[in-house]
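Residue-level structural notes
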Amino acid sequence: MSVHPDIIEFYTDAYDESDRLHRSAAGRAERLRTLELLARHLPPAPARVLDIGGGPGVHAAELAARGYRVTLLDPVPRHVDQASRHGSFTALPGDARALPQDEDSCDAALLLGPLYHLTERSDRIRALREAHRVVRPGGVIMAAVISRHAPLLDLSARGRITTDERAQELAAELAETGVNDPRSGFTVAYFHTAAELREEWRDAGLGEASLYGIEGPLWPLLVSGLVEDRDDLVATAIRTARVTEQDPEMIASSAHIMAVGRI
Ligand SMILES: C[S@@+](CC[C@H](N)C(=O)[O-])C[C@H]1O[C@@H](n2cnc3c(N)ncnc32)[C@H](O)[C@@H]1O
């Protein structure tokens, strides 16, 4: 079992993930809302948190600063290297489908990335089962996915839906299959509907997930280029996200959806 080489190459040579959650208004909204949901659902510090696919460690560093004992795993050597430089938590190479941790060895597991880089359903179920295995009874699993509708909303918000036929075709295909075509500019990826996420959660033996829209219905405005990149706008987006976060008909207006479960 190995991670698709295009994913490693994408994050190593084509894209620097380390400042994604800071450099744009949409990134900051995603980071602040993710932290808000983590603060709400994680067991209190100093709980042991396994951040699976934690990338360069933006969330891990924040949790470590809040007193959590964090271990981050990621298959991209550049990310492990960037995460290690924080110095406040352990960062190791690892794949969500085969965790090196012992059974019941953590209080919480985060999957804020791996599920959208596993295009085979069986791999996503395996990753969820692995998270289940390493979290102790009574612990928490939180997993984020990218919404199936995000690419069409993104293209529409930027006005490219009418001008960029190729992008429009790729987004329409993705809306049908969930599988991203790397010609879109992103890498090997899978985009979930809320219903699929619920079903995969159940099929992995995790019971019923609580789902939350992360960025809320204002995120298309944040990426549109129609407004300035301003922190008061991010704050408004976050307040709006809270209002609609669990409305089943509004969850898919967010770019990312968070599933939360207690075991
Ligand atoms: C968009 S980044 C998100 C990073 C971080 N969790 C965050 O929320 O900012 C997706 C991450 O998933 C990681 N990833 C991809 N496939 C994975 C797998 N099979 N197991 C674990 N992590 C994986 C990537 O290396 C990358 O760091």
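Residues numbered from 1 in each chain as written. Predicted model: local features only at pLDDT ≥ 70, side-chain atom pairs only at ≥ 80, totals over all residues. Heavy atoms only, no water.

If you check helix α6 (residues 121-134), its first and last C-alpha atoms are 20 Å apart, about what 14 residues at 1.5 Å a residue would give, namely 20 Å. Those residues of α6 not exposed but buried are D123, R124, I125, A127, L128, E130, A131 and V134. The inward-facing, buried residues of α6 contact β1 (48-52), β4 (106-111), β5 (135-146) and α9 (194-203). (Helix = DSSP H or I, 4+ residues; strand = E, 2+ residues; numbered from the N terminus. Expected span 1.5 Å × (residues − 1). Buried < 20%, exposed > 50% of the residue type's maximum accessible area, 1.4 Å probe, protein only. Contact = heavy atoms within 4.5 Å.)

Quick look at the site of the ligand now. Neighbouring residues of the ligand: 21 residues in total, closest G53, D74, H79, A96 and L112. Separating an oxygen atom of the ligand from a side-chain N or O atom of H79 is a distance of 2.9 Å. If the ligand stood free it would expose 600 Å²; the protein chains cover 97% of that surface. (Near = heavy atom within 4 Å. Polar contact = N/O pair within 3.5 Å; in protein donor to acceptor, adjacent residues only side chain to side chain. Areas by Shrake-Rupley, 256 points an atom, 1.4 Å probe, with all protein chains shown as cover.)

Quick look at the environment of W219 now. Within the element layout of this structure, W219 appears in helix α10 (residues 219-223). Taking the C-alpha atoms as reference points, W219 and S253, separated by 34 residues in sequence, lie 8.1 Å from one another. Residue contacts for W219: discarding those within four places in its chain leaves A150, L153, D154, S253, S254 and A255.

This paragraph deals with the sheet that holds β1. If you walk across this open sheet you meet the seven strands as β3-β2-β1-β4-β5-β7-β6, and the pairing is mixed. Across the chains shown, the open sheet's two edge strands, defined by having one partner strand only, are β3 (90-93) and β6 (210-213). Between one strand axis and the next, the sheet turns by 20° as a mean value, whatever way the strands run. As paired elements, β5 and strand β7 (residues 256-262) share seven bridges and run antiparallel to each other. Pairing of I146 across the sheet is with H256, part of β7. Each of β5, β6 and β7 is contacted by α9, which is oriented at about 25° to β7, the strand it contacts most. (Pairing = 2+ DSSP bridges. Axes fitted to C-alpha atoms, helices over the stretch in contact; angles between N-to-C directions.)

Turning our attention to the pairing of β7. Across the seven residues of β7, six count as buried, placing the element largely inside the fold. Sheet analysis places β6 next to β7, joined by four bridges and oriented antiparallel. Its bridge partner being in β7, L211 is matched across the sheet by A259.

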